[in-house]
Amino acid sequence: MAVVAGCFVLGWTVAQLPPVKRIDNYAYDLLTARTQPLWTPHSVVVAIDEKTFRERGGTPKIREIESDALERIARADPLLVATDVILADPVEPVQDARLEMALRSLRKVILPSDLAAEQGGSAKWEDPLPRFQAAAASQPGHVELMEDRLDGVTRQIPLERIVPDGRRWSLLLQTLSVARNQPIVETPDEVEIGALSIPAQRSVRIPGRPMYIRYLPQGRIPVIPVLDIERRWTDIRGRVVFLGVTALSAARDRVVTPSGESISGVEALAQSYETLLRGEFLTDARLGTVVLVCIGLAAAAGTAFRLFSGWAAYMLGAAIMAFAVYLPALFFRSQVVLPAFAPAAVAWLCTAGAASYQHFFERRQLKRAEAERSRYQQAIHWAAHEMRTPLTAIQGSSEIMARYNLPDAKRAQLTDMINSESKRLARIIQTFLDVERLADGQMELKREPFSVGEIVDACLKRVTALAERKKIGILLNNEVIGELIGDRELMEYAIYNLLTNAVKYSPAGTNIQVISELKDGELRLSVKDQGMGMDAKELKNIFKKFYRTKRAEASGEVGTGIGLSIVEQIVAQHGGRIDVTSEPATGSCFTLVLEAHGAGSANHSNALSRAGDG
Ligand code: ADP
């Protein structure tokens, strides 16, 4: 879950980086390039092209060229003329008068307003001169397009432009409004002209109410050079005409389309106009939708790897990734532009994340299961090993009793032995089960007070035979006093284990000391031997399960290497610790440090120190 969430956040964050927008743009261009709509354009472009421009004297004569073009168009009788030629400055009275006449001779004309940056930096509208505007059928419209800052491609047109100086609708809207003789009506989400409503949200993030231009293939919208108007007047009659300069040497505005073609600004206006007429508007997917899609993909990837594993999960992951790549195409079919990168990045990262997590998680699970199994096997091994001694004793005694006619005293001794050994057997089994449960965290420790002295005595009794056999002496330094709270059986097991280890790993003729100290509520119980000892490296490992030193192995003493790990667990469960000091060939000292129970402990301490002084 956390892994998938992390990958989601990473993918989403990367998708917000500006350069990534290029990838989204590229995907958009691919998608739009594939559509070839059946659509007959309703508008034409009349172009002041390179040839017209040069033949008529170029830039100095621009107003004359414009007047000439308008006069010719008027003779062809179009429905209306919209021009993006800026008419904000007077040129020369005679020429301006001619232009005014030409404008008046048209049925309907729409003029542009230019956004000019003032010196202060704030933009100002430059409307047509009043004498020209007086001939226009509507307010002037702006002729701005939206060029992508990253790749310079024009994909959208702003339907409105608002600057402190005021607002202008696009020339496009003014044209349609005049052509249909219906006003421009706006709502926060749409701009409406008659029955046509254009989804163009007013938003702070992207100002200008942009509309995607759905470019028709080049050549579909007729482009008629001014000089050809007479020959092609049928193309113009009754149509909407966009008049503009297309001559490369004069046109300020070249527009790059998503398919990489370079067209003039007036052609882009005509393309936008056709988009309006077609009414197939693309809208950007809402942020919420994009987030939801990405969350869905992340969840799908996570679920796939949670429910399945192996090749099934990988196949599903691959399907999710492929689906994420295909999604923009799916949305595009319903005229929605979905950013391509974010879903793909999220799907890919989440799938990869979930896959690697599963891979490592499964490996870890496997390792843990293996460790568990081997721990259990070793525990069984230990139990079997520990049980052998009492079993042999019971078996031997019972056989002797069955086979021989024994004197009553001997018989009673053997019966006692069988009794005590079978009790020991039961204890071993109990310890085994307890330790298993302790390791599993299933068991709650018994919490009863018991005297440490008593269990030390019991342990010493049990270990004496073993020690005598090896000619090892066990010395109790002082009387062990103090009470502990916890599990008596387990604590006895722990102390007994330390004692048997001391016997096992010491050579004959040495001594073992049991030293106890009760001070400030803390009981320290040490078992000190003069045995083989351990070096620092070995010391680090002795509490690990199944670890045995080379020395111990070489000594021929049997062992499983599990005892001390159990002792450590038991002591830890009692809130205590074990300190060990040891030196090879000199001896070891294992000290249990435990919290003593009861208010009397301070007195015990005094008693002990007095005993020590004496
Ligand atoms: P076991 O005695 O069954 O091998 P333990 O867990 O009790 O297992 O002890 C782990 C190892 O620690 C022993 O194998 C031995 O190498 C070392 N060890 C424990 N006690 C002593 C000791 N008193 N002196 C030297 N080595 C010891």
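Residues numbered from 1 in each chain as written. Predicted model: local features only at pLDDT ≥ 70, side-chain atom pairs only at ≥ 80, totals over all residues. Heavy atoms only, no water.

## Quick look at the site of the ligand
Stage number 1. Surveying the vicinity of the ligand reveals 21 residues, the closest of which are Tyr505, Arg548, Thr549, Thr560 and Leu564.
Stage number 2. One of the side-chain N or O atoms of Arg548 is found 2.6 Å from an oxygen atom in the ligand.
Stage number 3. With respect to the ligand, the side chain of Thr549 contributes an N or O atom lying 2.7 Å from an oxygen atom.
Stage number 4. Here the ligand loses 98% of its free accessible area of 530 Å² to cover by the protein chains. (Near = heavy atom within 4 Å. Polar contact = N/O pair within 3.5 Å; in protein donor to acceptor, adjacent residues only side chain to side chain. Areas by Shrake-Rupley, 256 points an atom, 1.4 Å probe, with all protein chains shown as cover.)

## A few points about the domain arrangement of the protein
Stage number 1. Here the protein is partitioned into domain 1 (2-16 + 285-370), domain 2 (39-279) and domain 3 (444-595).
Stage number 2. Summarising the inter-unit geometry, the C-alpha centres of domain 2 and domain 3 are found 98 Å apart. (Domains from an automatic or database assignment.)

## Quick notes on the packing of helix α1 (residues 2-15) against helix α10 (residues 287-307)
Stage number 1. Close contact between α1 and α10 brings their axes to 10 Å; oriented N to C, the two are set at 145°. Viewed along their axes, α1 and α10 form a crossing whose handedness is right-handed. Across from Val4, Phe8 and Trp12 in α1, the residues of α10 making contact are Leu287, Val290, Val291, Cys294, Ile295, Ala298 and Gly302.
Stage number 2. Here the contact of α1 with α10 is built from residues that sort into 9 nonpolar, 1 polar and no charged. (Axes fitted to C-alpha atoms, helices over the stretch in contact; angles between N-to-C directions. Helix = DSSP H or I, 4+ residues; strand = E, 2+ residues; numbered from the N terminus. Left-handed = near helix turned anticlockwise from the far one by under 90°. Contact = heavy atoms within 4.5 Å. Nonpolar A, V, L, I, M, F, W, Y, C, P; charged D, E, K, R; others polar.)

## Brief notes about the sheet that holds strand β13 (residues 196-199)
Stage number 1. Pairing is antiparallel across the open sheet formed by 3 strands, whose spatial order is β11-β12-β13. Every other strand in the sheet has two partners, leaving β11 (184-186) and β13 as the edge strands with one partner each. Along the sheet, successive strands turn relative to each other by an average axial angle of 25°, direction set aside.
Stage number 2. Sheet analysis places strand β12 (residues 190-193) next to β13, joined by 4 bridges and oriented antiparallel. Within β13, the position partnered with Glu190 by the bridge is Pro199. (Pairing = 2+ DSSP bridges.)

## What about the sheet that holds strand β24 (residues 511-519)?
Stage number 1. With mixed pairing, the 5 strands of this open sheet are ordered in space as β22-β24-β25-β27-β26. Each end of this open sheet is capped by a strand with a single partner; those strands are β22 (473-476) and β26 (577-583). The mean inter-strand angle of the sheet, taken between neighbouring strand axes irrespective of direction, is 15°.
Stage number 2. Two elements, β22 and β24, share 4 bridges in a ladder whose sense is parallel. Within the sheet, the bridge partner assigned to Gly473 lies in β24 and is Asn511.

## Thoughts on the pattern of salt bridges
Stage number 1. Tallied over the full model, the rule gives 37 salt bridges.
Stage number 2. Put simply, Asp68 and Arg72 hold a salt bridge, and the shortest N to O gap is 3.2 Å. On the criterion of helical spacing, the pair formed by Asp68 and Arg72 is a turn pair, its members being 4 residues apart in helix α4 (residues 62-76). With respect to class, Asp68 is no different from Arg72; both count as buried.
Stage number 3. As a salt-bridge pair, Glu280 and Arg278 come within 3.2 Å of each other at their nearest N and O atoms.
Stage number 4. By relative accessible area, Glu280 is classed as partly exposed at 34%.
Stage number 5. Connected through salt bridges with shared partners, the residues Arg56, Asp68, Arg72, Arg75 and Glu230 form a single ionic network. (Salt bridge = Lys/Arg side-chain N within 4 Å of Asp/Glu carboxyl O. Buried < 20%, exposed > 50% of the residue type's maximum accessible area, 1.4 Å probe, protein only.)

## Some thoughts on unusual backbone geometry
Stage number 1. Positioned with a positive phi, Lys471 is a non-glycine residue whose angle comes to about 55°.
Stage number 2. If you trace the backbone, Lys471 turns up in the loop between α14 (452-469) and β22.
Stage number 3. On the basis of relative accessible area, Lys471 is assigned to the exposed category, the value being 62%.
Stage number 4. Backbone geometry at Ala585 places phi at a positive 65°, although glycine is not the residue there.
Stage number 5. Turning to its location among the elements, Ala585 is positioned in the loop between β26 and β27 (587-595).

## Looking at the side chain of Thr549
Stage number 1. Mapped onto the fold, Thr549 is located in the loop between α16 (536-541) and α17 (550-555).
Stage number 2. Judged by its relative accessible area of 6%, Thr549 falls in the buried class.
Stage number 3. Setting aside residues no more than four positions away along its own chain, Thr549 makes contact with Met534, Glu538 and Ile542.

## Re the packing of helix α7 (residues 171-180) against helix α9 (residues 265-278)
Stage number 1. Axis separation between α7 and α9 bottoms out at 10 Å; the angle between their running directions is 50°. Classified by the angle their axes make, α7 and α9 are oblique. In the packing of α7 onto α9, the handedness of the crossing is right-handed. Contacts between α7 and α9 involve Leu171, Leu172, Leu173, Thr175, Leu176, Ala179 and Arg180 on the former and, on the latter, Leu269, Ser272, Tyr273, Leu276 and Leu277.
Stage number 2. Its residues assigned to classes, the contact of α7 with α9 comprises 9 nonpolar, 2 polar and 1 charged. (Parallel < 35°, antiparallel > 145°, perpendicular 65-115°, else oblique.)

## As for the packing of aromatic side chains
Stage number 1. All told, the structure shown has 5 aromatic pairs when counted by the stated rule.
Stage number 2. For the cation-ring pair, Arg167 lies above Trp169, with the distance from its terminal atom to the ring centre recorded as 4.2 Å. (Phe/Tyr/Trp six-rings, centres within 6.5 Å; stacked < 30°, edge-to-face > 60°. Lys NZ or Arg CZ within 6 Å of the ring centre and 35° of its normal.)

## Observations regarding the environment of Ser105
Stage number 1. Mapped onto the elements, Ser105 comes out in the loop between α5 (93-104) and β3 (109-110).
Stage number 2. Using a relative accessible area of 43% as the deciding quantity, one classes Ser105 as partly exposed.
Stage number 3. On a C-alpha basis, the gap between Ser105 and Ala74 in space is 6.5 Å, while along the polypeptide they are 31 residues apart.

## Some words on the pairing of β12
Stage number 1. Only one face of β12 is covered, namely the face carrying Val191 and Ile193; the face carrying Glu190 and Glu192 is uncovered.
Stage number 2. Here β11 runs beside β12; their pairing, made up of 3 bridges, is antiparallel. Across the sheet, the residue bridging to Val185 is Glu192, located in β12.
Stage number 3. Joining the antiparallel neighbours β11 and β12 is a turn of 3 residues.
Stage number 4. Linking β12 back to β13 in an antiparallel pair, the connection comprises 2 residues, with Gly194 at a positive phi of about 60°.

## Structural notes on a positive patch on the surface
Stage number 1. On the surface, Lys537, Lys540, Lys544 and Lys550 cluster together into a positively charged patch.
Stage number 2. Along the polypeptide, Lys537 turns up in helix α16. (Patch = residues over 30% accessible without salt bridge, like charges linked within 9 Å, V, L, I, M, F, W, Y side chains within 5 Å. Lys, Arg positive; Asp, Glu negative; His and termini not counted. Charge placed at Lys NZ, Arg CZ, Asp CG, Glu CD.)

## Examining the confidence of the model for the protein
Stage number 1. Of the residues in the protein, 95% reach a pLDDT of 70 or more, and the chain-wide mean stands at 88.
Stage number 2. Per-residue pLDDT stays below 50 along residues 599-614; that stretch engages in 15 contacts with residues further than four places along the chain or on separate chains. (pLDDT = per-residue confidence, 0-100.)

## A look at the state of the cysteines
Stage number 1. Scanning the entire structure with this criterion turns up 0 disulfides.
Stage number 2. With no disulfide of its own, Cys294 has Cys350 as its nearest cysteine by sulfur position, at a separation of 8.8 Å. (Disulfide = S-S within 2.5 Å.)

## Quick word on the side chain of Ser397
Stage number 1. For Ser397, the location among the structural elements is in helix α12 (residues 341-403).
Stage number 2. Looking at Ser397, its side chain comes within polar contact range of the main-chain oxygen of Ala393, at 2.6 Å.
Stage number 3. Among residues more than four places away in sequence, those in contact with Ser397 are Leu414, Met417 and Ile418.

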